[in-house]
Structure formats: structure tokens, C-alpha cells
Protein chains: 2
Amino acid sequence: MEAGKRMDEHETCGHHGHAHDAHGPARTADLVARAERLAQDLGLQFTALRRRTLEVVAEEGRPLGAYDIAERLSVPGKRVAAVSVYRALDFLTEHGLVHRIASRNAFVPCEHGHGAGESAVFLICRSCGSVDETISAEIERSLDRTLAEAGFKPASRIVEIEGECGACQGRSEAG
Amino acid sequence: MEAGKRMDEHETCGHHGHAHDAHGPARTADLVARAERLAQDLGLQFTALRRRTLEVVAEEGRPLGAYDIAERLSVPGKRVAAVSVYRALDFLTEHGLVHRIASRNAFVPCEHGHGAGESAVFLICRSCGSVDETISAEIERSLDRTLAEAGFKPASRIVEIEGECGACQGRSEAG
DNA sequence: GCCCTGCCTGTTACAGTGTAACGCTCGGCG
DNA sequence: CGCCGAGCGTTACACTGTAACAGGCAGGGC
Ligand SMILES: [Zn+2]
Ligand SMILES: [Zn+2]
Ligand SMILES: [Zn+2]
Ligand SMILES: [Zn+2]
């Protein structure tokens, strides 16, 4: 979906934590490699099901529901149940390889190599359904300050913005 | 639940958008009054079901699921279906009287009188389940800046932080 | 009064999301 | 070999949310 945008302009774009929507084979290979390294280092099992689940999520250009993933993983005669997908997704989300979009009950591949402390901001387009993951140290700082003020000890953060992405704005203005 | 905290110390607390968890009858009456004013001004219908739904959500000290609300609204011989509750909740959330907690599929009363432009930050305690709604102009600014940088036009925002509230931290450390 | 219309609600049916529980397999280990 | 733990298949089930249709009820025009 959405032709163009092949990537490599990434380093010179001047944006901060912004990763441009980078799905497709390239990002998939990156993510799989990252998963294998992680499993190696921590003594975890990056099983075939987990790898295939990660691949399906990474290939798709938009958030996928668990049942959609299950369907894509199924082949005639060998059906993958959603519950298995949920377990694989548990693993993948726990280790930051995919993210859950709470407002959509769906999952997207991680577009950054951020650690557990760094939380992401998800920009969800209402028109094309794409999700862009960005990191902003400034937002983290404001959040931390507010949380400290409230005496609240954060464990996980969800920041999801729904709206219209740049591409769709141009599309609807210009025609 | 959770004794103490009767409120009125609100104006002198020095916090910014922080409302302390204010449930109970007082906040309920405030919310109902606000809803009646709003319906009056905009020519909307603040029906019995909508009022009762708002009251149930406001009385509870924690996020309530739609089916929980339906159960509380039901009396022997007169059952309220969840679908009716959803419609009432649609009305209430559209007009900012209650908020949906996406990460919990649950609803809480609005603790502020904020307009549609001002978005809230929800602090969700994993121990006691309470939800505190705070407003931070600083976070809004950082978000706006990041969104502008990404060329993204926001329509609605979800910021939910899971962790441990101040009360529960004290409880687990000291007691 | 009567009809028409719009909004709200009741009811049924159903799709989508997520988890509990049980049992099997496989690989490592004594 | 038996034991054990992790992953996975399978079933069953609970929870969340919506579509579609029918009835009630108020307001407005006739
Ligand atoms: Zn990420
Ligand atoms: Zn778009
Ligand atoms: Zn609010
Ligand atoms: Zn708490």
C-alpha cells in the first residue's frame, strides 16, 4: 500500500525520533535480526511461531488484529489459532519487538530500537489507517515531571494520537 | 472504598491540573449539573438513562466496564441491556462528561471541566485500580510540537500511564 | 385530533477480543 | 529411562462492541 517511500533518506531527514513509516522486507529483516540477538543474549526462545508472527506484523503496513494475524499464519490444513498468536504477541510485546495499539486492539512492529524506558508516541491516521511511531525526549520529560508532581510511579505508558497523517492531508486538499 | 479524602482542600493544594481522586456524591452532583447545563445550552436531551449512567460511573471510585454499568442499572424485573449503556456512554463521552480508558475498556467520570481541545492524562494504579485525571499544558505543548514536526493533524489524544499511585506506594513501603 | 418525523430506548443477534484450562510434544538433565 | 519446564494445539468460555429492527414518545404541520 502507498507506493513510494523506499527509505535510506533516513539519516539525513533532520527529524528527531521520527522513523517515517518503514514497513516491508527491509524492516522485517531488521526486526528478525534484533529478535535473534535478543533471544541469544537473554537465553530466550525465538521460535518459528514467534518469528512468523513478527514477520506477518512487520510486513503489513497497518495495525493487525490478533485474529487477522492468525488467519495470515494459517494455511489450508494447518490452522493457527488466535490463542497461539496471543501468546506469541505476548512474547513480542514484552520484549519491545511489536507494540499494541490500545485504541485499535491491534499490533504494529516496533520502528525503533528503543529500550523499555523510552516510550513511544503513536500517530494513527483515520484516513489511511497507518501508524507512525515516534520518540520525543521532550514529551518524556513533560510526562516525567507531571508524574513526579502527582507522586505517581509509572510502569508503562500509552500515548496514541488519532488524526490525519501528512500524506492524507495533501491527498484531501489537492485532490 | 478507600476512606478519608473528603475534598475541599482542592483550591489550596498548589498542584496544577491535578484533581485528586474525587468521586462520591459531591462530584456526582457537579457532573449532573454540568450535564444539565450543557443539554440546556446545546438543545440536547439529558435523558433518565443518560443521567443514571453518569451517576453510576461517577459514584464508583474506579473505572467501570459497560456491562458492569448495565448490571448496576438493572433492577429485578427491569434489566438494562449493555447496548443501551453503550449508547448512553457515547453521548456522555462525546460531550466530555465521562472518559473511556482505552487500556482497560472501561469508563471514568471526568474530573475536570476541560474543553474538547484540552486532553487529559490518566494515571492508572495497578494496585488499587484508581484512575486520576490530570491536565498538563506542558505535555500538550510538547505533543503539539511533535505532531507539527511530523506534519500530523491530531483529532483526539489518548495518554494513559499505568503504575503505582502515591497512596499505594506508601502502603507497600510502610505498611 | 391525526399523521409524520426524529430521537431515544428495548430487543435480538452477532462479530470481535481476550483468557483459562488441559493435554501433548520436545529437549535438557539426572 | 523418568522428570521437568517451555511452547504450542485445542476447546471452551467470558468480555467487549455493533448492526438491525421495532416500539415509545414528543413536537410540528395539517
Ligand atoms: Zn517501538
Ligand atoms: Zn493517512
Ligand atoms: Zn476530563
Ligand atoms: Zn493505588
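Preceding block: the structure.
Keep in mind that this is a model prediction, so the values were computed, not measured.

S.K.: For this particular structure, what's the right way to read the overall build of chain A?
M.R.: A count of helical and extended segments in chain A gives six helices and five strands. For chain A, the N- to C-terminal ordering of α and β elements is α-α-α-α-β-β-β-β-α-β-α. Every one of the 175 residues in chain A was classed for burial, and the buried ones make up 48%. For chain A, long-range pairs separated by at least 24 residues make up 50% of all intrachain contacts whose partners lie at least 6 apart in sequence. Surface accessibility of chain A: about 9,100 Å² in total, with carbon and sulfur atoms responsible for 49%.

S.K.: What is the right way to look at the pairing of strand β2 (residues 106-109) of chain A in this model?
M.R.: Consecutive side chains along a regular strand alternate between the two faces of the sheet. All names here are of chain A. The two faces of β2 match: Ala106 and Val108 on one face and Phe107 and Pro109 on the other face are all buried. Relative to β2, strand β1 (residues 98-101) runs antiparallel, the two being bridged by four bridges. What sits directly across from His99, in β2, is Val108. What sits between the antiparallel neighbours β1 and β2 is a turn of four residues, in which Asn105 has the positive phi angle 50°.

S.K.: I'm lost on helix α3 (residues 66-73) of chain B in this one. Help?
M.R.: Owing to its 3.6 residues per turn, the α-helix brings residues three or four apart onto one side. Residues and elements named next belong to chain B. Of the residues making up α3, those classed as buried are Ala66, Ile69, Ala70 and Leu73. Seen from one end, α3 has its buried residues packed into an arc of 100°, which puts them on one side. Pointing more than 90 degrees away from the buried face of α3 are the exposed residues Tyr67 and Glu71. Where the residues of α3 are buried, they touch α2 (48-59), α4 (82-94) and β2 (106-109).

S.K.: I would appreciate a short explanation of the sheet that holds strand β4 (residues 131-134) of chain A in the present structure.
M.R.: Sheet strands pair via backbone hydrogen bonds, and the direction of the pair is either parallel or antiparallel. Spatial strand order, β4(A)-β3(A)-β5(A)-β5(B)-β3(B)-β4(B): six strands in an open sheet with mixed pairing. Since the sheet does not close on itself, it has two edges, and those belong to β4 of chain A together with β4 (131-134) of chain B, each with one partner. Strand-to-strand, the axes of this sheet are offset by a mean angle of 20°, without reference to chain direction. In this structure, strand β3 (residues 121-125) of chain A lies alongside strand β5 (residues 153-164) of chain A, joined through five bridges in parallel fashion.

S.K.: Help me understand the relation of the copies chain B and chain A, please; the structure alone is not making it clear to me.
M.R.: For the pair of chain copies, the relating operation is a rotation around an axis with a shift along it. For the pair chain B and chain A, the best superposition has an RMSD of 0.1 Å and corresponds to a rotation of 180° with a translation of 0.0 Å parallel to the axis. Such a combination of turn and shift is consistent with a two-fold rotation axis. In terms of C-alpha distance to the rotation axis, chain B has Val159 of chain B as its closest residue, with the C-alpha 2.3 Å off the axis. The overlap is high: 100% of the interface residues of chain B also sit at the interface in chain A, so the same surface is used on both sides.

S.K.: When you look at the pattern of salt bridges in this model, what are you seeing that I'm missing?
M.R.: Working definition: two side chains of opposite charge can pair if their charged atoms are close together. According to the stated counting rule, one finds 18 salt bridges over all chains in the structure shown. Two residues, Arg51 of chain B and Glu55 of chain B, come together in a salt bridge whose shortest N-O distance is 2.9 Å. Here the residue Arg51 of chain B and the residue Glu55 of chain B both occupy positions in helix α2, the gap between them amounting to four residues, near one helical turn. A relative accessible area of 28% places Arg51 of chain B in the partly exposed class. Look at Glu55 of chain B and you get partly exposed, because its relative accessible area is 26%. One network of salt bridges, in which partners are shared, links Glu60, Arg62 and Arg72 of chain A.

S.K.: Teacher, can you tell me more about the coordination of the zinc ion (ligand 2) here?
M.R.: As a benchmark, a tetrahedral metal site with four donors has ideal angles of 109.5 degrees, while an octahedral site with six donors has ideal angles of 90 or 180 degrees. All names here are of chain A. Within the protein, the atoms that donate to the zinc ion (ligand 2) are Cys125 (SG), Cys128 (SG), Cys165 (SG) and Cys168 (SG), at distances of 2.3 Å. Classification of the site at the zinc ion (ligand 2) as tetrahedral follows from its four donor atoms and the range of 107 to 115° in their angles at the metal. All donors of the zinc ion (ligand 2) come from a single chain, and their spacing in sequence reads C-x2-C-x36-C-x2-C. Judged by relative accessible area, Cys168 falls into the buried class, the value being 4%.

S.K.: Honestly, the coordination of the zinc ion (ligand 3) in this entry has me stumped. Any pointers?
M.R.: Residues and elements named next belong to chain B. At the metal site, the zinc ion (ligand 3) is ligated by His99 (NE2), Cys110 (SG), His114 (NE2) and Glu133 (OE), and these contacts range over 1.8 to 2.2 Å. If you look at the zinc ion (ligand 3), its four donor atoms make angles of 100 to 133° with each other, and the shape they trace is tetrahedral. We note that the donor set of the zinc ion (ligand 3) lies within a single chain, spaced as H-x10-C-x3-H-x18-E. Of the residues examined, Cys110 reaches a relative accessible area of 1% and is grouped as buried.

S.K.: Which parts of the structure should I look at to understand the protein's contact with DNA strand C?
M.R.: In the vicinity of DNA strand C lie 15 residues, with Tyr86 and Arg100 of chain A together with Thr47, Ser84 and Arg87 of chain B positioned nearest. Within 4 Å of the protein, atoms of DNA strand C come from sugar and phosphate in 47% of cases. Between DNA strand C and Asn105 of chain A there is a distance of 3.4 Å, counted from a phosphate oxygen to a side-chain nitrogen or oxygen. Thr47 of chain B has a polar side-chain atom sitting 2.4 Å from a phosphate oxygen of DNA strand C. Within the residue set of the surface near DNA strand C, elements represented by two or more residues are α4 (82-94) of chain A together with α2 and α4 of chain B. When the residues that make up the surface near DNA strand C are grouped by side-chain class, the tally is six nonpolar, four polar and five charged.

Rules behind the numbers
- Within every chain, residues take consecutive numbers counted from 1 along the sequence as written.
- Lettering for chains starts from A, numbering for ligands starts from 1, and both go in the order in which the items are written.
- Confidence filtering applies because this is a predicted model: local features only for residues at pLDDT of at least 70, side-chain atom pairs given and counted only at 80 or more, and all residues used for totals across whole chains, interfaces and linings.
- With hydrogens and water set aside, each side-chain value is computed from the structure's full complement of heavy atoms.
- Helix and strand assignments follow DSSP, with helices taken as H or I runs no shorter than four residues and strands as E runs no shorter than two, numbered in order from the N terminus.
- Only protein chains enter the accessibility calculation, which uses a 1.4 Å probe; a residue whose area is less than 20% of its type maximum is buried, one above 50% is exposed, and one in between is partly exposed.
- We call two residues in contact whenever any of their non-hydrogen atoms come within 4.5 Å of each other.
- Residue exposure ignores everything except the shown protein chains as possible cover, and the areas themselves are Shrake-Rupley values with a 1.4 Å probe.
- DSSP bridges decide pairing: two strands pair if at least two such bridges lie between them.
- Of all possible arcs, the one meant is that of the directions from the helix axis to the C-beta atoms.
- Note on geometry: axes are C-alpha line fits, over the in-contact stretch for helices, and angles between N-to-C directions span 0 to 180 degrees.
- Here the copies were fitted onto each other by least squares, based on C-alpha atoms from residues at pLDDT of at least 70 in both.
- By convention in these notes, a salt bridge is any Lys or Arg side-chain nitrogen within 4 Å of a carboxyl oxygen on Asp or Glu.
- Coordinating donors are taken as N, O and S atoms within 2.8 Å of the metal, stretched to 3.2 Å for Na, K and Ca; because water is absent from the atoms, sites can appear incomplete.
- Irregular is the label for any site that misses the other tests, which are tetrahedral for four donors with all angles between 85 and 135 degrees, and square planar for four donors or octahedral for six when opposite donors exceed 155 degrees and the remaining angles lie between 65 and 115.
- Residues are counted as near a molecule or strand when any one of their heavy atoms sits within 4 Å of it.
- Any pair of nitrogen or oxygen atoms within 3.5 Å is treated as a polar contact; in protein, a donor-acceptor pairing is required on top of that, and neighbouring residues in sequence qualify only through side-chain atoms on both sides.
- Charged residues are taken to be Asp, Glu, Lys and Arg, nonpolar residues to be Ala, Val, Leu, Ile, Met, Phe, Trp, Tyr, Cys and Pro, and polar residues to be all remaining types, Gly included.

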